[in-house]
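# Commentary on secondary and tertiary structure
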Amino acid sequence: MKTLNWRHTGWIAKDFIFAMEQQIIGYLTIDSSWNFKALYTDEETKLSFAQRSFWDRDVLITKDGVAIGEIHSGLFGQKTLALLSGEKFTISTSFWEQEAYWKTEQGNTIIRYRQAIMSGMGKGSIRIEKSLPIEAERLLISSGLFIRQMTRWRRARKMAVIILVIAAGSQV
């Protein structure tokens, strides 16, 4: 088992650092919360995440410009990572979303995210439950954090639209 830490570096939670003990091992930068584009980089890897379009909620993942998989958003919020190699992983969250879990098709938890509460909400830990190839590990740790942020921003946009509709309706 291996434990990593993550934290965001700005107040709008678009830049994230992944570290093991005191050593930084990678960065996730979310370019836009409107079209959900992000980039994960470390010494050896460059992964790009890009939502296909405003209407298509699936996210294409590329490594060095070559497609390697997609994140599919299900009708009821389920998120699945489907790799071109045929592997599939599903991410699920606890009720209050303080924890998230990457699971294999067999239902085995392989990565567990935990977010700090209250004063430390911009940070947390990632526990890798079983030995994974380093490429799969990097893909899963970065895409899991990307999915969590994407889901929160989508929820915030929905709430903003609902509030605007209610406010506009009360003006009549």
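Everything numeric in this text was worked out from a predicted model, so none of it was measured. (Residues numbered from 1 in each chain as written. Predicted model: local features only at pLDDT ≥ 70, side-chain atom pairs only at ≥ 80, totals over all residues. Heavy atoms only, no water.)

## Side note on the pairing of strand S6 (residues 59-63)
Bridge count between strand S5 (residues 46-51) and S6: five bridges; the pairing is antiparallel. Opposite Ser48, over in S6, you have Thr62 as the bridge partner. The pairing of S6 with strand S7 (residues 66-73) spans five bridges and is antiparallel. Residue pairing across strands places Ile61 opposite Gly69, the latter belonging to S7. (Pairing = 2+ DSSP bridges. Helix = DSSP H or I, 4+ residues; strand = E, 2+ residues; numbered from the N terminus.)

## A few points about the side chain of Glu70
With respect to the secondary-structure elements, Glu70 resides in strand S7. At 3.4 Å, the side chain of Glu70 forms a polar contact with the side chain of His72. Setting aside its immediate chain neighbours within four residues, Glu70 contacts Arg52, Asp58, Val59, Leu60, Thr80, Leu81 and Ala82. (Polar contact = N/O pair within 3.5 Å; in protein donor to acceptor, adjacent residues only side chain to side chain. Contact = heavy atoms within 4.5 Å.)

## A few points about the confidence of the model for the protein
Per-residue confidence for the protein averages 86 on the pLDDT scale, and 89% of its residues sit at or above 70. Within the protein, helix H1 (residues 134-170) has the poorest average pLDDT of any element, 82, and S6 the best, 95. (pLDDT = per-residue confidence, 0-100.)

## A look at the pairing of strand S10 (residues 99-104)
In terms of residue burial, S10 counts as a mostly covered element, since five of its six residues are buried. Relative to S10, strand S9 (residues 88-93) runs antiparallel, the two sharing five bridges. Paired with Thr90 across the two strands is Lys103, which belongs to S10. Pairing between S10 and strand S11 (residues 109-115): five bridges, direction antiparallel. Among the inter-strand pairings, Trp102 is bridged to a residue of S11, identified as Ile111. (Buried < 20%, exposed > 50% of the residue type's maximum accessible area, 1.4 Å probe, protein only.)

## A short note on unusual backbone geometry
Positive phi outside glycine occurs at Glu21, with the angle close to 55°. Positive phi outside glycine occurs at Asp64, with the angle close to 50°. Structurally, Asp64 is set in the loop between S6 and S7. With relative accessibility at 51%, the residue Asp64 sits in the exposed group.

## Quick notes on the side chain of Thr62
Locating Thr62 in the fold gives a position in strand S6. If sequence neighbours within four positions are ignored, Thr62 has contacts with Lys46, Leu47, Ser48, Ala67 and Ile68.

## Here's the deal with the nonpolar core
Inside soluble globular proteins, nonpolar side chains tend to come together where they are buried. By size, the foremost hydrophobic cluster in this structure holds 33 residues, and its most contacted members are Phe49, Trp102, Ile111 and Phe146. For this core, the element with the most residues is H1, which contributes seven residues. Beyond its immediate chain neighbours, meaning those up to four positions away, Ile111 contacts Ala100, Tyr101, Trp102, Ile126, Arg127, Ile128, Glu129, Leu132, Leu140 and Ile141. (Core = buried A, V, L, I, M, F, W, Y, C linked by side-chain atoms within 4.5 Å.)

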